[in-house]
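Geometric and topological summary
Below, each chain spelled out in residue letters.
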Amino acid sequence: MNLTCFPGQVIVEPIHRSRRHIAIVDSNPPPSSEGKVVAIGIERVNQKDGKPVPAMVFKDAWVVFRAYAGKDIEIDGRKLKLLKQSELEAVFTG
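How each quantity is defined
- Residues numbered from 1 in each chain as written.
- Predicted model: local features only at pLDDT ≥ 70, side-chain atom pairs only at ≥ 80, totals over all residues.
- Heavy atoms only, no water.
- Helix = DSSP H or I, 4+ residues; strand = E, 2+ residues; numbered from the N terminus.
- Buried < 20%, exposed > 50% of the residue type's maximum accessible area, 1.4 Å probe, protein only.
- Contact = heavy atoms within 4.5 Å.
- Areas by Shrake-Rupley, 256 points an atom, 1.4 Å probe, with all protein chains shown as cover.
- Pairing = 2+ DSSP bridges.
- Salt bridge = Lys/Arg side-chain N within 4 Å of Asp/Glu carboxyl O.
- Core = buried A, V, L, I, M, F, W, Y, C linked by side-chain atoms within 4.5 Å.

Along the protein chain, the regular secondary structure elements total zero helices and eight strands. If you list the helices and strands of the protein chain from N to C, you get β-β-β-β-β-β-β-β. Across the 94 residues that make up the protein chain, the buried fraction comes to 27%. Pairs at least 24 residues apart make up 64% of the contacts formed inside the protein chain by residues separated by at least 6 positions. Here the protein chain has roughly 7,100 Å² of accessible surface; of this, 52% comes from carbon and sulfur atoms.

So, about the side chain of Gln85. The residue Gln85 is located in the loop between strand E7 (78-84) and strand E8 (88-92) in this model. Owing to a relative accessible area of 9%, Gln85 belongs among the buried residues under this scheme. In contact with Gln85, other than residues within four places in its own chain, are Gly8, Gln9, Val10, Ala55 and Met56.

Now for the pairing of E7. As paired strands, strand E1 (residues 9-14) and E7 are joined by four bridges and run antiparallel to one another. When the bridges of E7 are listed, Val10 appears paired with Leu83. Pairing of strand E6 (residues 71-75) with E7, which is carried by five bridges, proceeds in the antiparallel orientation. Within E7, the residue paired with Ile73 across the bridge is Leu80. In this structure, the hairpin formed by E6 and E7 is closed by a connection of two residues, where Asp76 is found at a positive phi of approximately 55 degrees.

Structurally, Leu82 is set in strand E7. A residue is classified by how much of its surface remains accessible, and Leu82, at 28% relative accessible area, is partly exposed. Residues Leu82 and Glu13 lie 69 residues apart in sequence; the distance between their C-alpha atoms is 9.1 Å. In this structure, Leu82 is in contact with Gln9, Val10, Ile11, Gly70, Lys71 and Ile73, ignoring residues within four places of it in sequence.

On to the pattern of salt bridges. Inspection of every chain in the model, using the stated rule, returns three salt bridges. Note that Arg78 is salt-bridged to Glu13, the shortest N-O span being 2.9 Å. Taken together, the residues span a long stretch of sequence, with Arg78 in strand E7 and Glu13 in strand E1 at a distance of 65 residues. Between Asp72 and Lys81 there is a salt bridge whose closest N-O contact spans 2.9 Å.

Further remarks concern the nonpolar core. The biggest cluster of nonpolar side chains holds 10 residues, and these are Val10, Val12, Val37, Val57, Ala61, Val63, Phe65, Ala69, Leu83 and Leu88. Going through the elements one at a time, E1 and strand E5 (62-65) are the ones with two or more residues in this core. Sequence-distant contacts of Ala69, that is, excluding residues within four places in its chain, are made with Lys81, Leu83 and Glu87. Ranked by size, the runner-up nonpolar core spans five residues in total, among them Cys5, Val38, Ala39 and Leu80.

In structure tokens:
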């Protein structure tokens, strides 16, 4: 699957991790707020000087986002989230 977003957009695959020693018995678990970046938008151009503005994240980065942010989409049977880069809270590095 080859995905490309518009500038400033990110496609994330939400990762559902279970918390240690906590058993949640619920038919409707809370949405994930962590995930792996599947695709990023191309660099956008700064309108003042015409230079490209690099993306804040990279493909396969582990990110944290607001639980109800973005739009839920499904591509090839995979549940993904389409987010603005500004909706990302943190990027794990290292």
